[in-house]
Amino acid sequence: MSSIYAVLTKEETLQEDQQKPTFDFKSYMLQKANSVNKALDAAVTLKEPAKIHESMRYSLLAGGKRVRPVLCLAACDLVGGSESMALPAACAVEMIHTMSLIHDDLPCMDNDDLRRGKPTNHIVFGEDVAVLAGDALLSFAFEHIAVSTIHVSPHRIVRAVGELAKAIGAEGLVAGQVVDICSEGLSEVGLKQLEFIHIHKTAKLLEGAVVLGAILGGGTDEEVEKLRKYARSIGLLFQVVDDILDVTKSSQELGKTAGKDLVADKATYPRLMGIEKSREFAEKLLNEAKDLLSGFDQEKAAPLIALANYIAYRQN
């Protein structure tokens, strides 16, 4: 051992002593996703009528990266809360996200037959049951927050419910979906309208996930608003990257139908800006998001920083 240490300079030894263990993002995501998956499985059980619950569970438990619920849990931890305080809300966000995917895949919407590498819900259960499964997940999400949230004041639970409802309603996710549908095939869709679509269709639910975690974890108004801005940046970033992947990856790599935006003649960032400018915009959004976390404890902020990087550099 002495011969090994003899070859190290004093400076190198000092640098080694000062090094801190790096954040293990993969282990963190696996641990949190496992908690979320267990909680989802326990929340939505098989009961009568069997078909609707099978349909709900089919899409809810089909895998996925669980980015939104993990963001919720990470934000809660950042402001000093515990996982148990935000876990029902994290599950609720995933239920609503799943609802949006089931409905988005329907023939009257994006008409897709592949999601997360599996046949879409309406292909397996029929359009009628798929619509109702989405409706059931949406309504149960709010019940789950109201009934299952523990160690949080009623005021904060009500505030969280209000935030989530606004994020997905006619001023949020629904607004983005409607403008997206109405924009298909239009040649005059510009960047401003495209940004409106993505902020509402994608970023609002990501924003809701982060803000819910911050509220339920006991965050101050200042912390909540700072995290809201962070979430808006990564929410838009998520969609910019999604647009890029849609034209650069195969269906097998994505686990869903590739190139469908091009076929539907949809406005996307690569179509309006080109691939390289889209990548530059994604980098700008990533830097903005990380800058907004600079005032927080950096050890506790590590998961949110890593999640921003993951969203920026994901391959599917």
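Our structure is the block above this text.
About the thresholds
- Residues numbered from 1 in each chain as written.
- Predicted model: local features only at pLDDT ≥ 70, side-chain atom pairs only at ≥ 80, totals over all residues.
- Heavy atoms only, no water.
- Helix = DSSP H or I, 4+ residues; strand = E, 2+ residues; numbered from the N terminus.
- Buried < 20%, exposed > 50% of the residue type's maximum accessible area, 1.4 Å probe, protein only.
- Contact = heavy atoms within 4.5 Å.
- Areas by Shrake-Rupley, 256 points an atom, 1.4 Å probe, with all protein chains shown as cover.
- Axes fitted to C-alpha atoms, helices over the stretch in contact; angles between N-to-C directions.
- Parallel < 35°, antiparallel > 145°, perpendicular 65-115°, else oblique.
- Nonpolar A, V, L, I, M, F, W, Y, C, P; charged D, E, K, R; others polar.
- Core = buried A, V, L, I, M, F, W, Y, C linked by side-chain atoms within 4.5 Å.
- Expected span 1.5 Å × (residues − 1).
- Bend = angle between axes of the 7 residues up to and from the residue.
- Polar contact = N/O pair within 3.5 Å; in protein donor to acceptor, adjacent residues only side chain to side chain.
- Arc of directions from axis to C-beta.
- Salt bridge = Lys/Arg side-chain N within 4 Å of Asp/Glu carboxyl O.

*Asks:* Would you mind going over the overall build of the protein chain with me for this structure?
*Replies:* Summing up its helical and strand segments, the protein chain has 17 helices and 2 strands in all. Within the protein chain, the proportion of its 316 residues that are buried is 50%. Contacts in the protein chain between residues at least 24 apart in sequence constitute 75% of all its contacts with a sequence separation of at least 6. Summed over its atoms, the accessible surface of the protein chain is roughly 15,100 Å², and 56% of this surface lies on carbon and sulfur atoms.

*Asks:* Looking at this model, I keep getting lost on the packing of helix 9 (residues 154-168) against helix 11 (residues 191-216). Mind explaining?
*Replies:* Helices that pack against each other are described as a pair by the angle of their axes relative to one another and the distance between those axes. At a minimum axis distance of 9 Å, the contact between helix 9 and helix 11 shows a crossing angle of 175 degrees. Classed by the angle they form, the pair helix 9 and helix 11 counts as roughly antiparallel. Within the contact between the two elements, helix 9 uses Arg156, Ile157, Arg159, Ala160, Glu163, Leu164, Ala167 and Ile168 and helix 11 uses Lys204, Leu205, Gly208, Val211, Leu212, Ala214, Ile215 and Leu216. Of the residues in the contact of helix 9 with helix 11, the class split is 11 nonpolar, 1 polar and 4 charged.

*Asks:* Please clarify how the nonpolar core should be interpreted in this entry.
*Replies:* Note on soluble globular proteins: their nonpolar side chains tend to be buried together. Membership of the largest hydrophobic core comes to 46 residues, with the highest contact counts inside it found for Leu71, Leu227, Tyr230, Leu304 and Leu307. With 12 residues, the top contributor of residues to this core is helix 12 (residues 221-248). Setting aside chain neighbours within four positions, we find leucine 71 in contact with Leu206, Val210, Tyr230, Ile234, Leu304 and Leu307. Leu40, Ala89, Met99 and Leu205 belong to the second largest nonpolar core, which has 44 residues in total.

*Asks:* Whenever I open this one, helix 17 (residues 298-313) confuses me. Can you help?
*Replies:* An α-helical turn contains 3.6 residues, so a residue and the one three or four places further along point in the same direction. For helix 17, which comprises 16 residues, the first-to-last C-alpha distance of 21 Å matches the rise-based estimate of 22 Å (1.5 Å per residue) to within 8%. A bend of about 25 degrees at leucine 304 is the largest found in helix 17. Of the residues making up helix 17, those classed as buried are Ala301, Ala302, Pro303, Leu304, Ile305, Ala306, Leu307, Ala308, Ile311 and Ala312. Buried-residue contacts for helix 17 involve helix 3 (25-43), helix 5 (67-78), helix 12 and helix 16 (275-291). A side-chain oxygen of the first residue of helix 17 lies 2.9 Å from the backbone nitrogen of glutamate 299; this N-cap is aspartate 297.

*Asks:* When you look at helix 9 in this model, what are you seeing that I'm missing?
*Replies:* The terminal C-alpha atoms of helix 9 lie 22 Å apart, and with 15 residues this matches the ideal 21 Å at 1.5 Å per residue to within 8%. Looking at helix 9, one finds that the buried residues are Ile157, Ala160, Glu163, Leu164, Ala167 and Ile168. Looking straight down helix 9, one finds that the buried residues subtend no more than 125 degrees of arc, so they occupy a single side. For helix 9, exposure combined with an orientation more than 90 degrees from the buried face picks out Pro154, His155, Val158 and Lys166. Buried residues belonging to helix 9 abut helix 6 (83-104), helix 8 (127-148), helix 10 (173-183), helix 11 and helix 12.

*Asks:* Just to check I follow, could you spell out the packing of helix 3 against helix 6 for this structure?
*Replies:* Helix 6 packs onto helix 3 with a crossing angle of 70 degrees between their chain directions and a minimal axis gap of 10 Å. Judged on the interaxial angle alone, helix 6 and helix 3 are roughly perpendicular. Residues Lys32, Ser35, Val36, Ala39, Leu40 and Ala43 of helix 3 pack against Glu83, Leu87, Cys91, Glu94 and Met95 of helix 6. Of the residues belonging to the contact of helix 3 with helix 6, the class tally is 7 nonpolar, 1 polar and 3 charged.

*Asks:* Explain the pattern of salt bridges here, please?
*Replies:* Opposite charge on two side chains permits them to pair, given that their charged atoms come into close proximity. Enumeration according to the criterion identifies 15 salt bridges in this entry. For arginine 116, the salt bridge is made with glutamate 94, and the minimal N-O distance between the two is 3.5 Å. Residue arginine 116 is located in the loop between strand 1 (114-115) and strand 2 (118-119), and its partner glutamate 94 is located in helix 6; the two are separated by 22 residues in the primary sequence. With a relative accessible area of 25%, arginine 116 lands in the partly exposed category. Residue classification places glutamate 94 among the buried positions, given a relative accessible area of 1%. A salt bridge links glutamate 207 to arginine 232; the nearest nitrogen and oxygen atoms lie 3.0 Å apart. One end of the pair, glutamate 207, is in helix 11; the other, arginine 232, is in helix 12, and 25 residues separate them in sequence. Overall, the relative accessible area of 39% leaves arginine 232 in the partly exposed class.

*Asks:* Help me understand unusual backbone geometry in this model?
*Replies:* Both trends apply: most residues other than glycine have a negative phi, and most peptide bonds are in trans. The residue after glutamate 48, namely proline 49, is reached through a cis peptide bond having omega -5 degrees. Mapped onto the secondary structure, proline 49 falls in the loop between helix 3 and helix 4 (50-60). Although it is not a glycine, asparagine 111 sits at a positive phi angle of roughly 55 degrees. Among the secondary structure elements, asparagine 111 is positioned in the loop between helix 6 and strand 1. In the Ramachandran plot, arginine 116 falls in the positive-phi region, its phi being about 55 degrees despite a non-glycine side chain.

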